[in-house]
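# Structure at a glance
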Amino acid sequence: MSTKKQNNDEEVDLGSLFTVIGKGFKNFFNFIGNIFKGIFHRLILILLFLKLHILKFSVAVLIGGIVGFFLESNKETKFSSNLIVKPNFESTQLLYENINYYNDLVKQQNTKHLASIFKIDTSKAAALRKFEITPLMNSNDIINAYDNFILEVDTLTVKSYDFDNFESSFTDFDYLVHNIEVQATVSNIFSELEITIINSIEKNTFFNKIKNLTKENLNTKDSILKANFIEVDSLRNVYMRAILEGAKNNSNGTNIDLGSKSNITKENDLFEIDRKIIYDLSQTYKDIATKSDVINIISNFKPEGSEIKGITKNLIFIMAALAFLLTLFFILLLDLNKYLENYKK
């Protein structure tokens, strides 16, 4: 009798559990359904609003488009070209200052000074419209810089200055590669600007001194590594000759263990030293190639600039969109005013 009662209690518990699970699923799907219903309802309200004011929006967009058409017709054609560089020896900040200085001269329409700086005639200087420099943001630059930071500082500093803090303090100047964009109303001026931009940093006395010292140090390092490589190679030859002599003695009856751990260890040590020297030489060659100039040019200005186009630059689209948004703002403002008037009543 007690067993039967226990079975009935278990069936009741299972039934209650399934009921709760069923209600949970039902509530969940009702919640999802209400979200979609809410989205659909608001979409319908937006469509009804647009339908109610379609004439106003159409007139506004048409007027904005016409105004934009006249402005676009009278707008000067602009061309742009890009110079991509990789500065060395922390010269990035000076490069930014120079580019911003050139841009200020353009804003001031100081064509004589621009012509003097870039050694071009004043008519070409008057065609310049914009100088801009931006970093080519690469997360690997931050990661590599943080790795170098960890290697240079002590453990306590690393613990108190984590990656998030390091990333937040990482500035535009700290990125490795930077893009210089120039805009002008003529398409064939850009290559004439490149030499002056580069030489403004390359000819700087301070950075030029650092470049020459770095070059001397790298050349000295290269010579030392090559000398070490020759010495290790000579040592290996001597060692191999000693082994061969030992092999001859062994064939004559002298007992020499050529496969001893001592011989293997010495050979491995020489191999590791050789491998490290080769690696250091390859890194030195890389440093010589990348640090022989204050600024490395990755991509030059194109001889002919590209015309600046695109829908976001098109005044017809911009004015039509602006007219639509202004109309929307005034309609919503009037509706709000009506709502406030009715709310008072």
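In this text, all values refer to a predicted model and were calculated from it rather than measured experimentally.

Let's shift gears to the packing of aromatic side chains. The tally for this structure, following the rule as stated, stands at ten aromatic pairs. When the centroid spacing of 6.2 Å and the interplanar angle of 50 degrees are considered together, the rings of Y101 and Y102 count as tilted.

According to the stated counting rule, one finds four salt bridges in the structure shown. Between D280 and K276 there is a salt bridge whose closest N-O contact spans 3.1 Å. Placement of both D280 and K276 in helix 11 (residues 261-290) is noted, with a separation of four residues, approximately one turn of the helix. Judged by relative accessible area, which is 52%, K276 ranks as exposed.

Looking at where S91 falls in the secondary structure, it is placed in the loop between strand 1 (79-87) and helix 3 (92-107). Relative accessible area serves as the criterion here: at 0%, S91 is assigned to the buried category. Residues within four places of S91 in sequence aside, it is in contact with I201, F207, V294 and I295.

With 32 residues, the main nonpolar core has L95, F118, L128, F131, I180, L193 and I197 as its most contacted residues. Of all the secondary structure elements, the ones that give two or more residues to this core are strand 1, helix 3, helix 4 (111-118), strand 2 (128-135), strand 3 (178-184) and helix 9 (191-202). Setting aside chain neighbours within four positions, we find F118 in contact with Y102, F131, E192, L193, T196 and I197.

Attention shifts here to a nonpolar patch on the surface. A grouping of F40, L43, I44, L45, I46, L47, L48 and L50 is seen on the molecular surface, where their side chains present a nonpolar patch of about 720 Å² in accessible area. Assignment of secondary structure puts I44 in helix 1 (residues 2-52).

Taken N-terminus to C-terminus, the directions of helix 3 and helix 9 make an angle of 140 degrees; their axes are 10 Å apart at the nearest point. The orientation of helix 3 relative to helix 9 falls into the category oblique. When the axes of helix 3 and helix 9 are compared, the crossing they make is right-handed. Mapping the contact onto sequence places L94, L95, N98, I99 and Y102 in helix 3 and T196, I197, S200 and I201 in helix 9. Tallied by class, residues from the contact of helix 3 with helix 9 come to six nonpolar, three polar and no charged.

Here helix 3 is 16 residues long and its end C-alpha atoms lie 23 Å apart, about the 22 Å a rise of 1.5 Å per residue gives. Of the positions making up helix 3, those classed as buried are T92, L95, Y96, N98, I99, Y102, N103, L105 and V106. Where the residues of helix 3 are buried, they touch strand 1, helix 4, strand 2, strand 3, helix 9 and strand 4 (295-299). Where helix 3 ends, the next residue or the one after it, Q109, has phi of about 55 degrees, a positive value.

The rules behind the values
- Residues numbered from 1 in each chain as written.
- Predicted model: local features only at pLDDT ≥ 70, side-chain atom pairs only at ≥ 80, totals over all residues.
- Heavy atoms only, no water.
- Phe/Tyr/Trp six-rings, centres within 6.5 Å; stacked < 30°, edge-to-face > 60°.
- Salt bridge = Lys/Arg side-chain N within 4 Å of Asp/Glu carboxyl O.
- Helix = DSSP H or I, 4+ residues; strand = E, 2+ residues; numbered from the N terminus.
- Buried < 20%, exposed > 50% of the residue type's maximum accessible area, 1.4 Å probe, protein only.
- Contact = heavy atoms within 4.5 Å.
- Core = buried A, V, L, I, M, F, W, Y, C linked by side-chain atoms within 4.5 Å.
- Patch = residues over 30% accessible without salt bridge, like charges linked within 9 Å, V, L, I, M, F, W, Y side chains within 5 Å.
- Areas by Shrake-Rupley, 256 points an atom, 1.4 Å probe, with all protein chains shown as cover.
- Axes fitted to C-alpha atoms, helices over the stretch in contact; angles between N-to-C directions.
- Parallel < 35°, antiparallel > 145°, perpendicular 65-115°, else oblique.
- Left-handed = near helix turned anticlockwise from the far one by under 90°.
- Nonpolar A, V, L, I, M, F, W, Y, C, P; charged D, E, K, R; others polar.
- Expected span 1.5 Å × (residues − 1).

Treat this as a map of the structure, not an account of what it does.
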